[in-house]
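# Examination of the molecular architecture
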Amino acid sequence: MVPKILVVFFLGVLFAACGGNKKQEAATDGNGSAKPTDTAVDFHKKNILFFGNSLTAGYGLDDVSQAFPSVVQNKIDSLKLPYKVINAGNSGETSSGGNGRIDWLLKQPVDVFVLELGANDGLRGIPIKETVKNLQAIVDKVKAKYPACKLVMLGMQVPPNMGADYANGFKGVFPQLAAKNNMALVPFLLDGVGGNPALNQADGIHPTAEGAKIVADNVWKVLKTTLDGR
Amino acid sequence: MAKIFWLFTMAWRDSRKNRPRLMLFISSIVFGIAALVAIYSFGYDLRRSIDDQAATLVGADLAISTNKPVGQNAMPFLDSLGATRSRELSFVSMVLFPKSNGTRLVQVRALQGGFPYYGDLETTPVAAGRSFLGGRNALVDNTLMLQFNAAVGDSVKLGQVTFKIAGILNKAPGQTGVASSVAPVVFIPLQYMEQTGLAKKGSRIEYSFYYKYAAGTDVTKMVDKLKPRLEKEDFNYETVDSRKENTGRFFNDLTRFLALVGFIALLLGCVGVASAINVYVREKISSIAIMRCLGATALDAFVIYLIQIVGIGFIGSVLGAELGSFIQNVLPVVLKDFLPLTINTVISWPAIGQGVLIGVVISFLFALLPLISIRKISPLFTFRLSFESVNFAADPLRWLVYSLIVFFIITFAYLQLGSILGSLFFTVGIFVAFLVLTLVAKLLMYTMRIVVRTTWGYLVRQAFANLYRPNNQTIILIVSIGLSTMFICTLFIVKDILTEQLVVSGSSTQSNMVLFDIQTQQQDAVAQLTRQQGLPVMQQVPIIGARIEEINGKTAEQAKKDTLPQRPGERGRRGFGGELRLTYRDSLVSSEKVTEGKWVGLVDPASTAPIPISIEDHYANNLGVKLGDHITFNVQGTNMATVVTSIRSVEWNRVQTNFRVIFPKGVLEQAPQFHVLLTRVPSTAASVKFQQAVVRQFPNISIIDLGLVLSVLDSLLDKISYVINFMSAFSIVTGIIVLIASVRISKYQRIQESVLLRTLGATRRQIGTINALEYFFLGLLSALTGVLIAIAVSWLLATYSFKLPFVVHLAAPGILLGSITSLTVVIGLLNSRGILNRPPLEVLRRDV
């Protein structure tokens, strides 16, 4: 029973695909073709860094190529724009985890920075000011290293069962930070997908491949305005 | 008709001759059957108690749940499943304690109906567990109450509604799942759900439906029928049986163990009855010869004694069954204060029926064995008292009786074990044990015949000669003592193996609190805080996310092409594309064992050679990688070339972090990572104090408190381990009693000789020494053989039936060996005490 508890718990955004006890799940869920996120510096293309959690990483999808950043890459490719998407999604990551990880990723040049973090904070009921503090710290680090970098904020909401007070406070975090830091804002990343069982996996929170396409559309509407060359 | 009456009269008359002796034989049967009935009945009782316990894990006979709102057409279906039902919505939410203005994440369970049907919502005050549903009340987990310094009567706010705290929640059935461990629980009545405003589109809610059925309903069978519909609706379902399966191996182990005990009880009964009957019939041979002299036909003699023995078997069995039921009913009352669970004793008619039936059938079969040779006893035997020349071999009827006995044992074993294969194995095992013991006995007799020298002192010579001379009891005693020892010792060892497993799985040595999302710069401070609070840092591990980029130079896409079309049985490259959590460290932990290759714990960061890594065996199999294969990992955007240098087996069933892939120290220290810390908190108060301190200093850290969940599991494991200990102790004691009884029936075997020796002038001391030496040898040899067989049997059981590592602590078998040997000697001496303490003439004049 003990393992069962942890097995189930470690599922989901909180701790997706953790090696802890979830033995075979993740080991067997992907047998498709991985499109390697080649990070070798390509001087002809500019880098778009998608920095986020399981939604970016495409948790539960057959392959990372079905996750929304890859869908965005396809759109970019079809328009022949000189941009390359780097998927830096890490399932289960909170804003504080992101703050610890960002330096590692900033070793490579970043031209557009897309921030998709906070959902796990919300699901764990982490105090809102803590999330604000961490997200701000991440943005500060990006700005300090690449002052010319374009910034995009992907807004999140928590489900209504968290209570109106918390949900409203949480929802407000993203527009506030976007305005303060002069970032382009996607008001709600999962707009049209969240709460719709048909577009979500069985866990009810991670979009299916179909859902990810809608998510990519939501992102693309805003992201395209920040790209050069069109 | 008159003839039949005459046969019965004769059977009766013959039994009158020596009633005390008859009583001795009956007592052996009584003990054998009493042991059997008591063990069976206790087995049933304890099973039921454990099943009742298991039912509280779910709290209902059937629980159906889904994380999607239930549609219009599914609702009538759910309603049709049972009249006694409850509904529950559960979800996480932020709770507000207005008094202290504190908020935190909780697990809300909005309940309607009589759930839990098994067990109770244990609350303070007690009545609140049921009465809170009557108003705008809430039951609040003890941890929360302590954290916010709240008292019963205060209020909590969930969504738009303020509830009055009606009680503190201490324990709730069906709460062993995930939800309760993520956040502390708050129960509210379902009717206020609407008002809270928490159930809206997009809310993540688990909808549960609980059903209770009349006792005796086969829920598993019912659910099997419902399965297609349940699956179509995408409903999860759980029954008490399925929960038991998921709870782990413990229930299965218990079932197997009780079956083993039942089987041993059966054989103890057999030993008790068979050894009594065997000796009894042998003693009757001279009487039979006399009857033949007086004109009785061989058939008459046969039937007379068959009637008599089956009669004795029946009386003994009924008395034994009564004694067994008496013990079953009295013992729990006597032990009431020590029992961790309430045992409701129910008179078990199946147990009694089986006991009496077994007693009679065994008496019949084991009487047949010597009685068929009665047919060949000629009247002349009366005058030539040479018993040994009654040739038992080469009678085809004997083989018929043997096969009947084997058939009988298989049948009853099947009744106990419920598996044909299992009962065959057990029967063959017993047969082998029987053969080994008989061989040992024969070998002893043969050796003694050769070894004994006339130059030895008379006492030693006489004692050893007793082992092989005519009228010896070597085979019968070695077999019965040996078998009893074997049963007792097997129980000892298997019990130890099982309870050890329970201790390992129990949480008393394991962590019950997990802190995660600890950032690298926080890890030292968190560990320090933990120690400051007097808590152990049981594990502290870094966790890093990565993906596999290439295996032996091939990406997943290429690998996929290569392995298609896949031949059956070929290892595929599954689990390639997904995310992977890995760690780095310099040593193995206790749950790991390297099965192939060599563990490398440290590398030079400056080295450019591929990094040596260790992979878990199942994962390696899934990936289709072997020692020496090259894997490239994408660690957060940085590719790292590695080589598999070791493959590990990992025990996953512990509360600790385990990993499929482990890097050595020296390369990943700078990679993005978070840390997990495992500790053990001794009490709720300590847990609350620690959680508060952590949250205050490190608001980003999430804490899972497994205390409540593990305590439910622990109390269950305690009970299972208690049942196992109790049943083995009880069976061991009855086994010893049966053993005493079967040695005791050899009382009359040596009487005549002892009296003769006494008349010839032997002192008490001399006769005592002769008897003691004989019994010492018999006891030692049979106990030793029994113990050795038991070790072999336990190894087989552990390896093939329980599938557990075989461990034997030699102390138990050693003590058993000593005590059974001395027990045999003591009984042997007691057997002859009556003769030794009285003058020879007095003994001679009595009818011995």
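What counts and what doesn't
Residues numbered from 1 in each chain as written. Chains lettered and ligands numbered in written order. Predicted model: local features only at pLDDT ≥ 70, side-chain atom pairs only at ≥ 80, totals over all residues. Helix = DSSP H or I, 4+ residues; strand = E, 2+ residues; numbered from the N terminus. Buried ≥ 20, exposed ≤ 12 C-beta atoms within 10 Å, placed from the backbone. Contact = placed C-beta atoms within 7 Å. Domains from an automatic or database assignment. Core = buried A, V, L, I, M, F, W, Y, C linked by C-beta atoms within 7 Å. Pairing = 2+ DSSP bridges. Axes fitted to C-alpha atoms, helices over the stretch in contact; angles between N-to-C directions. Parallel < 35°, antiparallel > 145°, perpendicular 65-115°, else oblique. Left-handed = near helix turned anticlockwise from the far one by under 90°. Nonpolar A, V, L, I, M, F, W, Y, C, P; charged D, E, K, R; others polar. Expected span 1.5 Å × (residues − 1). Arc of directions from axis to C-beta. Bend = angle between axes of the 7 residues up to and from the residue. pLDDT = per-residue confidence, 0-100.

### Side note on the overall build of chain A
- Helices and strands together make up the secondary structure of chain A, namely ten helices and five strands.
- The proportion of buried residues among the 230 residues of chain A is 56%.
- Considering only contacts within chain A whose residues lie at least 6 apart along the sequence, 74% involve residues at least 24 apart.

### Notes on the overall build of chain B
- Each helix and strand in chain B was counted, giving 25 helices and 21 strands.
- When the 848 residues of chain B are sorted by exposure, 47% land in the buried category.
- For chain B, the proportion of contacts with a sequence separation of at least 24, taken over those separated by at least 6, is 84%.

### A closer look at the environment of Lys-719 of chain B
- Mapped onto the fold, Lys-719 of chain B is located in helix H21 (residues 707-744).
- Distance from Lys-719 of chain B to Leu-46 of chain B, taken between C-alpha atoms, is 9.7 Å for residues 673 residues apart in sequence.

### Remarks on the domain arrangement of chain B
- The domain boundaries assigned to chain B delineate domain 1 (2-52 + 251-504 + 714-845), domain 2 (62-212) and domain 3 (539-679).
- Each of domain 1 of chain B and domain 2 of chain B has a C-alpha centre, and the two are 59 Å apart.

### Comments concerning the nonpolar core
- Among the nonpolar cores identified, the biggest contains 285 residues, and Val-114 and Leu-115 of chain A together with Ala-138, Val-140, Val-186 and Leu-515 of chain B are the most heavily contacted of them.
- Among the elements that make up this core, the one with the highest residue count is helix H10 (residues 250-293) of chain B (26 residues).
- Val-114 of chain A has contacts with Ile-48, Leu-49, Phe-50, Phe-51, Val-152, Leu-154 and Leu-223 of chain A, leaving out every residue within four places of it along the chain.

### A look at unusual backbone geometry
All names here are of chain B.
- Pro-116 follows Phe-115 through a cis peptide bond whose omega is 0°.
- Locating Pro-116 in the fold gives a position in the loop between strand S3 (102-112) and strand S4 (122-124).
- With an omega of -5°, the peptide bond running from Thr-124 to Pro-125 counts as cis.
- Here Pro-125 lies in the loop between S4 and helix H4 (128-131).
- At Asp-234, a position not held by glycine, the phi torsion is positive, near 65°.
- Residue placement: Asp-234 occurs in the loop between helix H8 (219-232) and strand S10 (236-239).

### Description of the pairing of S3 of chain B
Residue and element names in this part refer to chain B.
- Alignment of strand S2 (residues 84-97) against S3, held across eleven bridges, turns out to be antiparallel. In the strand pairing of S3, Ser-93 is matched with Val-106.
- Hairpin connection between S2 and S3: a loop of four residues separates the two successive antiparallel strands, and Asn-101 in this loop has a positive phi of roughly 55°.
- In terms of strand pairing, S3 meets strand S8 (residues 185-189) through five bridges, oriented parallel. Note that in S8 the partner of Arg-109 across the bridge is Phe-187.

### Describing the packing of helix H2 (residues 19-58) of chain B against helix H11 (residues 298-334) of chain B
All names here are of chain B.
- Where H2 contacts H11, the two axes come as close as 6 Å, and the packing angle between them is 40°. Taken together, the axes of H2 and H11 lie oblique to each other. Here H2 and H11 pass one another in a crossing that is right-handed.

### Some remarks on the packing of helix H6 (residues 95-105) of chain A against helix H8 (residues 128-145) of chain A
All names here are of chain A.
- Between H6 and H8, the least distance of the axes is 8 Å, while the angle of their chain directions is 15°. On the basis of their axis angle, the class for H6 and H8 is roughly parallel. Considering how the two elements wind past one another, H6 and H8 form a crossing that is left-handed. Judged by residue contacts, Ser-95, Ser-96, Gly-98, Asn-99, Ile-102 and Asp-103 of H6 engage Thr-131, Asn-134, Leu-135, Ala-137, Ile-138 and Lys-141 from H8.
- Split by residue class, the contact of H6 with H8 holds four nonpolar, six polar and two charged.

### Considerations on helix H10 (residues 209-223) of chain A
Residues and elements named next belong to chain A.
- Counted at 1.5 Å a residue, the expected span for H10 with its 15 residues is 21 Å, and the 20 Å between its end C-alpha atoms agrees.
- Of all the positions in H10, only Gly-211, Ala-212, Val-215, Ala-216, Asn-218, Val-219 and Leu-223 are classed as buried. Across the axial projection of H10, the buried residues extend over an arc of 160°, all falling on one side. Of the exposed residues in H10, the ones pointing more than 90 degrees away from its buried face are Glu-210 and Lys-221.

### With respect to the environment of Val-215 of chain A
Residues and elements named next belong to chain A.
- Mapped onto the secondary structure, Val-215 falls in helix H10.
- According to the C-beta neighbour criterion, Val-215 is buried, with 27 such atoms within 10 Å.
- Through-space distance from the C-alpha of Val-215 to that of Pro-187 is 12 Å; in sequence the pair is 28 residues apart.

### Notes on the pairing of S2 of chain B
Residue and element names in this part refer to chain B.
- With respect to burial, S2 is a largely interior element, twelve of its 14 residues being buried.
- In the sheet, S2 pairs with strand S9 (residues 206-212) via seven bridges, with the strands oriented antiparallel. Across the sheet, the residue bridging to Arg-85 is Tyr-211, located in S9.
- For S2 and strand S6 (residues 155-158), the ladder comprises two bridges, and the chain directions are antiparallel. By the bridge assignment for S6, Val-95 is matched with Leu-158.

### With respect to the sheet that holds strand S2 (residues 83-89) of chain A
Residue and element names in this part refer to chain A.
- In space, the five strands of this open sheet follow the order S2-S1-S3-S4-S5, with parallel pairing throughout. Each having just a single partner strand, S2 and strand S5 (184-186) make up the two edges of the open sheet. Adjacent strand axes in the sheet meet at a mean angle of 20°, parallel and antiparallel pairs treated alike.
- Across three bridges, the pairing between strand S4 (residues 150-154) and S5 is parallel. Bridge pairing in S5 places Leu-154 opposite Val-186.
- Sheet contacts for H8: strand S3 (112-116) and S4; angle to S3, the most-contacted strand, approximately 170°.
- Across the sheet, helix H9 (residues 164-181) touches S4 and S5, and the angle it forms with S4 is around 170°.

### Description of H8 of chain B
Residues and elements named next belong to chain B.
- For H8, spanning 14 residues, the distance from its first C-alpha to its last is 19 Å, which sits close to the expected 20 Å at 1.5 Å a residue.
- Of all the bends in H8, the greatest reaches close to 55° and is centred on Leu-226; the proline Pro-228 follows between one and four positions later.
- In terms of burial, H8 is a largely surface element, zero of the 14 residues being buried.
- Following H8 by one or two positions, Asp-234 adopts a phi angle in the positive range, close to 65°.

### Examining the confidence of the model for chain A
- Put simply, chain A has an average pLDDT of 81, and 80% of its residues get 70 or more.
- Every residue in residues 1-42 of chain A scores below 50 in pLDDT, and together they form 127 contacts with partners more than four places removed in sequence or on other chains.

### So, the confidence of the model for chain B
All names here are of chain B.
- Of the residues in chain B, 89% have a pLDDT of 70 or more, and the chain-wide mean is 82.
- Residue range residues 386-390 is modelled with pLDDT below 50. Its contacts to residues more than four positions away, or to other chains, number seven contacts.
- When the criterion is pLDDT under 50, residues 564-574 qualifies, and its contacts beyond four places in sequence or with other chains add up to 14 contacts.
- Taken over the whole predicted complex, pTM reads 0.72, whereas the ipTM for its chain interfaces reads 0.79.

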